[in-house]
Amino acid sequence: MENYKTQISTAADRFLTLLKTGGPQSASAMAKDLGITGEGARLHLLKLQEEGLVEAVTEPKGVGRPQQIWSLTERGNRRFPDSHSDLTVQLINTIGDVLGPDALDEVIVARERAISDRYYDALSSLTDLSEKLARLAEMRHKEGYLAEWRQDGDAFLFIEHHCPICSAAKVCGNICQAELITFRRLFGDQASVDRVDHLLSGAKRCVYKIVPLS
């Protein structure tokens, strides 16, 4: 980051670069890194939010007032070249064109199985549904999904404010279906899982409703 900072001329670029390289974080964390006051950081972030480059979600912070976690919007991400995203889309299209749709389906299923197994191993020792949701949200959040969960009456909502694989999902809908299959496998006969909001259907986020079965 030190070498990066010397090449960044504007305050806006410094904030966007921090979020790009460090991922979602609080205004106070960015203020500390940039050597400015927390209030100064919040003012810069609010201006970037008005321009549609950043967004914030409110997260609980143990005891005390919840904190806002800032991240780049899709428009903000476009300020940075994303060759990995382009490469992923190209690979998906190439597999489908050269090997056919059945081969592409096999690749998606294999990916889903590997991810599902990793989540299952991490959650298998937990029996309480809320603990499972908390662990899954933590894992997905680290993967860039800005995930959280909350109580919704007798059910739960699992919310993903960002999709780091959105470009791939746009050209291969089976990826989103595989995500839903993964979640249903994780909760097995403990709860039903339905996607009630879908980013690719025009929603601002993906939301899954988890309803206990007993």
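Everything in this summary refers to the structure shown in the same document. What you see is a predicted model, and the numbers here were worked out from it, not measured in a lab. (Residues numbered from 1 in each chain as written. Predicted model: local features only at pLDDT ≥ 70, side-chain atom pairs only at ≥ 80, totals over all residues. Heavy atoms only, no water.)

1. Some points on the packing of helix H7 (residues 101-123) against helix H8 (residues 129-145)
What counts here: Axes here refer to lines fitted to C-alpha atoms; in helices the fit is confined to the stretch in contact. Angles between the N-to-C directions go from 0 to 180 degrees. Elements are defined by DSSP. Helices are runs of H or I of four residues or more, strands are runs of E of two residues or more, and each kind is numbered from the N terminus. Roughly parallel means an angle under 35 degrees; roughly antiparallel, over 145; roughly perpendicular, 65 to 115; everything else is oblique. Note on convention: near helix rotated counterclockwise from far helix by under a right angle means a left-handed crossing. Clockwise means right-handed. Residue contacts follow a heavy-atom distance rule, with two residues in contact if any of their heavy atoms lie within 4.5 Å.
Direction vectors running N to C along H7 and H8 enclose 135 degrees, while the axes themselves pass 10 Å from each other. Here H7 lies oblique to H8, going by the angle between them. Both H7 and H8 take part in a crossing whose hand is right-handed. Two secondary-structure elements touch here, H7 through Arg-111, Arg-118, Tyr-119, Ala-122 and Leu-123 and H8 through Lys-132, Arg-135, Leu-136, Met-139, Arg-140, Glu-143 and Tyr-145.

2. Some details on the nonpolar core
Here is the rule: Only buried residues count toward a nonpolar core. Its members are Ala, Val, Leu, Ile, Met, Phe, Trp, Tyr and Cys residues joined through side-chain atoms within 4.5 Å. Exposure is judged per residue with a 1.4 Å probe applied to protein chains only, and the accessible area is read against the type maximum: over 50% gives exposed, under 20% gives buried, and values in between give partly exposed.
Residues Leu-136, Phe-158, Phe-187, Tyr-208 and Ile-210 are the most contacted members of the largest nonpolar core, which totals 21 residues. Every element with two or more residues in this core is listed here: H7, H8, strand E5 (155-160), helix H10 (174-187), strand E6 (191-197) and strand E7 (206-212). Top contributing element to this core by residue count: H8, with six residues. When near neighbours in sequence (up to four residues on either side) are disregarded, Leu-136 contacts Tyr-119, Leu-123, Phe-158, Phe-183, Leu-186 and Phe-187. Among the nonpolar cores identified, the runner-up in size contains 14 residues, and Met-30, Ala-31, Ala-41 and Leu-53 belong to it.

3. Some remarks on the pairing of E7
Heads up, the rule is: Strands pair, by our definition, only if DSSP identifies at least two bridges between them.
Here E5 pairs with E7 via five bridges, running antiparallel. For Leu-157, the partnering residue across the bridge sits in E7 and is Lys-209. By the bridge criterion, six bridges tie E6 to E7 in an arrangement that is antiparallel. Bridge assignment links Val-193 to a residue of E7, and that residue is Ile-210.

4. Digging into the sheet that holds strand E2 (residues 54-59)
With antiparallel pairing, three strands are arranged side by side in an open sheet as E1-E3-E2. Single-partner strands in this sheet number two, and they are strand E1 (25-26) and E2. Of the pairings in the sheet, the one linking E1 to strand E3 (residues 67-72) comprises two bridges and is antiparallel in character. Across the sheet, Gln-25 pairs through a bridge with Trp-70, a residue of E3. Along the sheet, helix H2 (residues 11-22) contacts E1, E2 and E3; its crossing angle with E3, the most-contacted strand, is approximately 90 degrees.

5. Digging into the packing of H2 against helix H3 (residues 27-34)
The cut-off we apply is this: Note on residue categories: nonpolar means Ala, Val, Leu, Ile, Met, Phe, Trp, Tyr, Cys or Pro, charged means Asp, Glu, Lys or Arg, and polar means any other residue, Gly included.
Two numbers describe how H2 lies on H3: the axes approach to 11 Å, and their chain directions differ by 115 degrees. For the element pair H2 / H3, the angle class is roughly perpendicular. Crossing of H2 over H3 shows right-handed handedness. Judged by residue contacts, Arg-14, Phe-15, Leu-18 and Leu-19 of H2 engage Met-30, Asp-33 and Leu-34 from H3. Of the residues assigned to the contact of H2 with H3, the class counts are five nonpolar, no polar and two charged.

6. So, H10
Cut-off, in case you're wondering: Any helix carries an expected span of 1.5 Å times its number of residues minus one.
With 14 residues, H10 extends 20 Å between its outermost C-alpha atoms, agreeing within 8% with the 20 Å of an ideal straight helix rising 1.5 Å per residue. Three or more residues of H10 are buried, namely Ile-175, Cys-176, Ala-178, Glu-179, Leu-180, Thr-182, Phe-183, Leu-186 and Phe-187.

7. Some details on the side chain of His-198
With respect to the helices and strands, the residue His-198 is situated in the loop between E6 and E7. Of the residues examined, His-198 reaches a relative accessible area of 19% and is grouped as buried. Non-local contacts of His-198, meaning those with residues more than four positions away in its chain, are made with Cys-176, Ala-203, Arg-205 and Cys-206.

8. Structural notes on the side chain of Ser-116
Take Ser-116: it is sitting in helix H7. Those residues within four positions of Ser-116 in sequence are excluded, and the remaining contacts are Thr-182, Arg-185 and Leu-186.

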